[in-house]
Amino acid sequence: MARNTQVAADHNAPPITQILATFVATHPSKGWSDAVDHEAHRTFMNWLGCAVGAAHHEAADAALAAVNMLQPAAQASVFGRGEKVDMASAALINGITSHTFDFDDTHLKTIIHPAGPVASAVLAMAEHLGNSGREVMDALVIGIDVSCRVGNAMYPDHYDRGWHITGSTGTLGAAAACARLLKLDVAQTAMALGIAASQPIGMREQFGTMTKPFHPGGAARAGLMSALLASKGFTASPKALEAPRGMMQTTSTKNDWSEITQELGQRFEISFNSYKPFACGIVIHPSIDACAQIRKQGVTPEQIERIELKVHSLVLELTGKKEPQDGLQAKFSVYHGCAAGLTFGYAAEDEFSDAVVSRPDMVALRRKVVATVDDSIDEASADVTAVLHDGRRVHVFVEHAIGSLKNPMTDTQLEAKFQGLSDPILGAGRTSELINACWATGNAANVQTLVALAVPERK
């Protein structure tokens, strides 16, 4: 017997699934400005560097060991390593590694990390199918547009309910991108999106564990499989996204359909992507930036009596771990971020290692951070005052942290970040070749050369 429940649903929603399917299947190749295409290459390079850099993290070891129990066919590469697995498993593992360091891209309007699910699925499939670099770039831009537009429509309610929006919308983006690579028609693409809509992945409860980076990896695998299923005639609801009991209305009470339809095919969400200079949750970045600036003024940790930190309530909600026990937890500790900024002047992956997190001087400095909520301060800003033992107060207010849209990382800075991640894995010479290949992806006849550079050279 059916339950008599009251559902506040929009029964007159526009046909979002069909609208997006038409866009994915029919939008012209490189149907955007050179500026958008350049941002796509920046996004691609940043994602690949993060994936290579975390290739030998224990999370990658565990995931690969599990995948190998399935005896996968050698279809696609695991970046930064010598192994090849089936393309769905490659999408999973490369999606995991791209997010393991929490160093990947961020669509600031929604806090989505869009490249992880989309690029991981795209390059795994493209390596196996032999797609051109142009097809890869087209799929990347279009897939990210789908995931971020759906995210725009549901944020913040969907996120506030506990969904990790990177995974939940990333499944759709990965499905759209792979449908594009497979050259599915509008009807098949709608099915791919419909299949993906039944597989939203990721809960915020998992933040600080290996399962957080599983979310983009799982989304990449699910999206890729959705497109493959659709290509073989597997069906789904043609209204899977917008229906009253479809994905979007089930997982969010806020659904602004205009965020999906407005300027579709004219404005591209990848234009609003940002890249992290610090390997942690993005809301910590202004605090790290401010503390690094205090350090530049000659303040040393030994001089500090306390650090007065004022931030938006969301910062402490997401990153309020006062006593992180390991590197993964420290990525969600604004207290550790402040200590790292003051001690090192930056916070790349090494500054979030278990060894650094447990150092007595870092523990002591974290405990000197006194954080208070001030919701008059924007989520992307921080007000920091170092109170010194001699009574001096050194104050820095960061309105726009480095890496934000108002203060973006340059191409040169992105290359340096890539080198820091990749050099220890691939070597400096191979890394330089890989960077050049990333910039040239859109003109490549296929992606085989790039993929070959993204794994260690066989000796």
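Only a predicted model underlies this, so the values are computations on that prediction, with no experimental measurement involved.

*Asks:* Report on the overall build of the protein chain, specifying residues and quantitative values.
*Replies:* Regarding its fold elements, the protein chain presents 21 helices and eight strands. Taking the principal axes of the C-alpha coordinates as reference, the protein chain spans close to 75 × 65 × 45 Å. Buried residues in the protein chain amount to 60% of all 459 residues. For the protein chain, long-range pairs separated by at least 24 residues make up 77% of all intrachain contacts whose partners lie at least 6 apart in sequence. When the accessible surface of the protein chain is split by element, carbon and sulfur atoms take 52% of a total near 17600 Å². Each charge sign in the protein chain was given a centre, from 38 positive and 48 negative side chains, and these centres are 2 Å apart.

*Asks:* Any chance you could break down the pattern of salt bridges for me, citing the residues and the numbers?
*Replies:* Summed over all chains, the structure comprises 25 salt bridges. R42 is paired through a salt bridge with D411; the nearest N and O atoms lie 2.6 Å apart. With a gap of 369 residues between them, R42 in helix α2 (residues 34–53) and D411 in helix α19 (residues 411–426) connect regions that are remote in the sequence. A residue is classified by how much of its surface remains accessible, and R42, at 6% relative accessible area, is buried. Since its relative accessible area comes to 26%, D411 is described here as partly exposed. When the shortest N-O distance is used, the salt bridge between R149 and D145 registers 2.8 Å. Note that R149 and D145 are positioned in helix α6 (residues 133–154) at a spacing of four residues, about one turn of the helix. Each of E305, R306, E308 and R393 takes part in one network of salt bridges that share partners.

*Asks:* Please set out the packing of α2 against α6 residue by residue, giving values where relevant.
*Replies:* Contact pair α2 / α6: the axes reach a minimum separation of 10 Å and the direction vectors enclose 95°. By the angle class used here, α2 and α6 are roughly perpendicular. In contact with V36, D37, A40, H41, T43 and F44 of α2, α6 contributes R134, V136, M137, L140, V141 and I144. Within the contact of α2 with α6, the residues separate by chemical class into eight nonpolar, two polar and two charged.

*Asks:* Tell me about the environment of M125, residues and numbers included.
*Replies:* Note that M125 resides in helix α5 (residues 115–129). A relative accessible area of 0% places M125 in the buried class. Once the C-alpha coordinates of M125 and V136 are considered, the two residues, 11 residues apart in sequence, prove to be 9.5 Å apart. Residues within four places of M125 in sequence aside, it is in contact with M87, N131, C178, L181, L182, L224 and L228.

*Asks:* Tell me about the packing of aromatic side chains, residues and numbers included.
*Replies:* Inspection of every chain in the model, using the stated rule, returns six aromatic pairs. Considering the side-chain rings of W32 and F268, the 5.3 Å spacing of their centres and the 70° angle between planes classify their relative orientation as edge-to-face. Here F268 lies in the loop between α12 (258–261) and β4 (273–274) and W32 lies in the loop between α1 (16–26) and α2, a separation of 236 residues in the sequence. Under the relative-accessibility criterion, W32 is labelled buried at 10%.

Parameters and conventions
Residues numbered from 1 in each chain as written. Predicted model: local features only at pLDDT ≥ 70, side-chain atom pairs only at ≥ 80, totals over all residues. Heavy atoms only, no water. Helix = DSSP H or I, 4+ residues; strand = E, 2+ residues; numbered from the N terminus. Buried < 20%, exposed > 50% of the residue type's maximum accessible area, 1.4 Å probe, protein only. Contact = heavy atoms within 4.5 Å. Areas by Shrake-Rupley, 256 points an atom, 1.4 Å probe, with all protein chains shown as cover. Lys, Arg positive; Asp, Glu negative; His and termini not counted. Charge placed at Lys NZ, Arg CZ, Asp CG, Glu CD. Salt bridge = Lys/Arg side-chain N within 4 Å of Asp/Glu carboxyl O. Axes fitted to C-alpha atoms, helices over the stretch in contact; angles between N-to-C directions. Parallel < 35°, antiparallel > 145°, perpendicular 65-115°, else oblique. Nonpolar A, V, L, I, M, F, W, Y, C, P; charged D, E, K, R; others polar. Phe/Tyr/Trp six-rings, centres within 6.5 Å; stacked < 30°, edge-to-face > 60°.

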